[in-house]
Structure formats: C-alpha cells, structure tokens
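Architecture at a glance
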Amino acid sequence: MDSYNDEDAEGAASRGSAVPPDRASGPVRRATQPSQPSDAPQRTSEGTRDSLADQDPLPAPDGGPSPAIRAEAPQAAKPVTAAVPGPRSGTTHRDPFPPDPDPDSVPLDPDAPTRGIAALSLPYQVAVAVSLALIAVLAGVHVAMVFLHVAPSNTASKEYGKAIDAWVYPEFEQNWKLFAPNPLQQNVAVQVKAEVSTPDGDRRSTGWIDLSAEDGDAIRGNLLPSHTQQNALRRAWDFYINSHDDKNRSSGLRGQLSESYVRSLVMARLERHDVGGEVERIQLRSSTSAVKAPDWSNEKFDLRPQFRVLPWWTVTAADLPGGVDNGRREADR
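Computed from a predicted model, the values in this text were never measured in an experiment. (Residues numbered from 1 in each chain as written. Predicted model: local features only at pLDDT ≥ 70, side-chain atom pairs only at ≥ 80, totals over all residues. Heavy atoms only, no water.)

The next subject is the packing of helix α7 (residues 227-242) against helix α8 (residues 253-270). Remark: α7 packs on α8, axes separated minimally by 9 Å, with the N-to-C direction vectors making an angle of 150°. Comparing the axis directions of α7 and α8 gives the class roughly antiparallel. Once α7 is placed against α8, the crossing between them reads as left-handed. Residue-level inspection shows A232, L233, A236, F239 and Y240 of α7 in contact with α8, the latter providing R254, L257, S258, E259, Y261, V262, L265 and R269. By residue class, the composition of the contact of α7 with α8 is nine nonpolar, one polar and three charged. (Axes fitted to C-alpha atoms, helices over the stretch in contact; angles between N-to-C directions. Helix = DSSP H or I, 4+ residues; strand = E, 2+ residues; numbered from the N terminus. Parallel < 35°, antiparallel > 145°, perpendicular 65-115°, else oblique. Left-handed = near helix turned anticlockwise from the far one by under 90°. Contact = heavy atoms within 4.5 Å. Nonpolar A, V, L, I, M, F, W, Y, C, P; charged D, E, K, R; others polar.)

What follows is the structure, encoded as structure tokens:
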C-alpha cells in the first residue's frame, strides 16, 4: 500500500497540484489510519464508508498525499459561561460563577403581580379598611373602659359609672388580690348539687360535684391551659360574693347580674355530667380552706374548710346557655 501512495504522490508532483479528470474514476487508496480498539463504537455505517471510498480526496496543500476523510460524531454542547475581561487588554477568561445582576439596574416589571391589600379590588379594599378602623376603635374603647374601672374615682367614672360597669362586668372585672399588702391566702372550691327529675317521674338529688377540682385536673399537666379553665368559675364566684352580703342578699343590679352569670356557668358545667334526668333546681356552696403557712413562718391558720351554702335556685330557660338541653330527651324537645 505504501508503494501505491508513493507513485500517486510522484505523479501528482510531476503533473502539478491539479488532479486529472480521468483519475476520478480510478481506484482510490486511502491513507492508513491508526487502528482503534475493538470495543470502540462505530461512528459510520457500511454504506457511508463505501460512499466515502468512491470519492476522491482533496489534494494536500503542499502537493503531498491527500488527507484521509473521517466521519466524526457530533460533539456535546459546551456550557455557556460569562466572559470576564482578563488581566491583559483583548483577552478574556471564563468565570464559572458569574456575579448576580445589580438589583438597581434591573428594570421593574409593570406586569408583576401585586400582593397584600393592593391586590384586592377597590370594594374589598374599602371593606378591609373599614374593618380595621372598627377594630381599632373597639380596642380603644375597651382600653378606656378598663382604665376608668380600675382608676381612682374621678369625674368621668362618676358620670359614666353605669356604662362602665355594664361593659366590664362580669367578664372583664379587675381586682388586686394578687398584690400586697395582703394577697389571697385561701383555697376556694365551688361545688354544686342538683335536684333531678328522672324519666319515670321521680325526683332525686345528686351529691356535691366539685367543679373547682375538675378545673384543677384540667390545668394540672397542661402546658397551655385555657383562660376559661383557670378563671371562669373562680371569677364568677368571686363576682357573686362581692355583690352579696353574708345572708346572700343582693346589693343591687350587680347582684342580679352575678346570679344570672353563675347559674348559666354552672348549668353549662352540669351538661358534661350524666345526672340521670332534667335538672329542676341547683344549690351552690363554697369550701374555703386556708393555705398552710411555710415552716419558717410563725403564723398559725385553721386548716379546716369553711362552707358557705347558698339557697336552692329553680332553673329557668334564662339559666340555660346556648347548646344546653338540661337533660331533656330527644322526644321531649
């Protein structure tokens, strides 16, 4: 094969760099290519190699043997990187981590979606603004009412005393028993007894149900006890005691309000118990015991409980809060 290549090279040199037309139909000798491994993938098919063999190679620039024709596979696309000026003028180098664009230089998109209240339509924006204004006014009125309630007597509290009491009592009443000079040192438990009318027409009385003990069990071990579990029953009873004398006589409008409030609260609590019928009457009492003094104190207290028993109250429809059916059966409703 080398002798044929030499002859072709000498003939081409003697006749010039142009290849005669009659050589196009003659046999073509291809230059020897380096052998490839047997496991290398085939880049061209048999038909493609035969068609390449039938074509004349282009002449070499220096008149030497024609270069071999090879079919190469397409190369994978190279990743695009940002061109960064190099240290010398006219040269660049590729930075694999181009810097983020300056946010001030990025133009704002007028079609970008808006958020918040601005994203709402005009009627909804007006509704939200009015709602926020009403909430702010309500919060301001509440703070003002509570402040006038706990503040010393003044012209405003005397003039609007009834309105202030109607707003504060009974849910928002304030007291200072936690602070000096004499904090509360007693444990007060509120208990209830009910007279029940059974479905067969009989009447019977339940035992004393300790509602304060139930609140204590619900709070004990609870990391986030609710406000009602901690204070609803205690504040209701305290409100009643402060508005009645030792003979359980009401001291005015606040006394009537405290009675209605404590009855509704107790009836809601009795709804959780199966008393066996419809509650006709209820009776409340408090069990008050002094807190034991610490060992280093010289104070002595009588630790025996003291009871204050209220008279029986007949349950009416006004004493039933929402959701309480008072033990009535489905057929009696």
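Structure's up, so let's keep going.
Once that is clear, we can look at the pairing of strand β6 (residues 278-290). As paired strands, strand β3 (residues 186-197) and β6 are joined by twelve bridges and run antiparallel to one another. Across the sheet, the residue bridging to V188 is T288, located in β6. Two strands pair when backbone bridges link them, and β6 and strand β8 (residues 313-314) are joined in this way by two bridges, in the antiparallel orientation. Bridge pairing links I282 to W313 in β8. When β6 meets strand β7 (residues 306-309), the two strands line up antiparallel, connected through four bridges. Each residue of the ladder has a partner; that of S286, found in β7, is R308. (Pairing = 2+ DSSP bridges.)

Note: β3 against strand β5 (residues 209-210), two bridges, orientation antiparallel. Looking at β5, one finds that V192 is bridged to I209. Judged from the three bridges that link them, β3 and strand β4 (residues 203-205) form a sheet pairing that is antiparallel. Of the residues in β4, the one forming a bridge with V196 is R204. Hairpin geometry of β3 and β4 is characterised by an intervening segment of five residues between the two adjacent antiparallel strands and by a positive phi of about 95° at G201.

Quick look at the packing of helix α6 (residues 211-219) against α7 now. In helix packing, the relevant descriptors are the interaxial angle and the interaxial distance, both defined with respect to the helix axes. Put simply, α6 and α7 touch, their axes get as near as 9 Å, and they point 160° apart. Overall, the two elements α6 and α7 adopt an arrangement that is roughly antiparallel. Viewed along their axes, α6 and α7 form a crossing whose handedness is left-handed. Contacts from L211, S212, D215, A218 and I219 of α6 reach α7 at Q229, Q230 and L233.

Looking now at the side chain of S287. Along the chain, the position of S287 falls in strand β6. Take S287: its relative accessible area is 12%, and that puts it in the buried class. Among residues more than four places away in sequence, those in contact with S287 are N187, V188, A189, Q191, P305, Q306 and F307. (Buried < 20%, exposed > 50% of the residue type's maximum accessible area, 1.4 Å probe, protein only.)

What follows is about the pattern of salt bridges. Within the structure shown, the criterion is met by ten salt bridges. For the salt bridge of D215 with R269, the shortest nitrogen-to-oxygen distance reads 3.0 Å. Within this pair, whereas D215 is found in helix α6, its partner R269 is found in helix α8, the two being separated by 54 residues in sequence. Here D215 and R269 have matching classes, each one buried. (Salt bridge = Lys/Arg side-chain N within 4 Å of Asp/Glu carboxyl O.)

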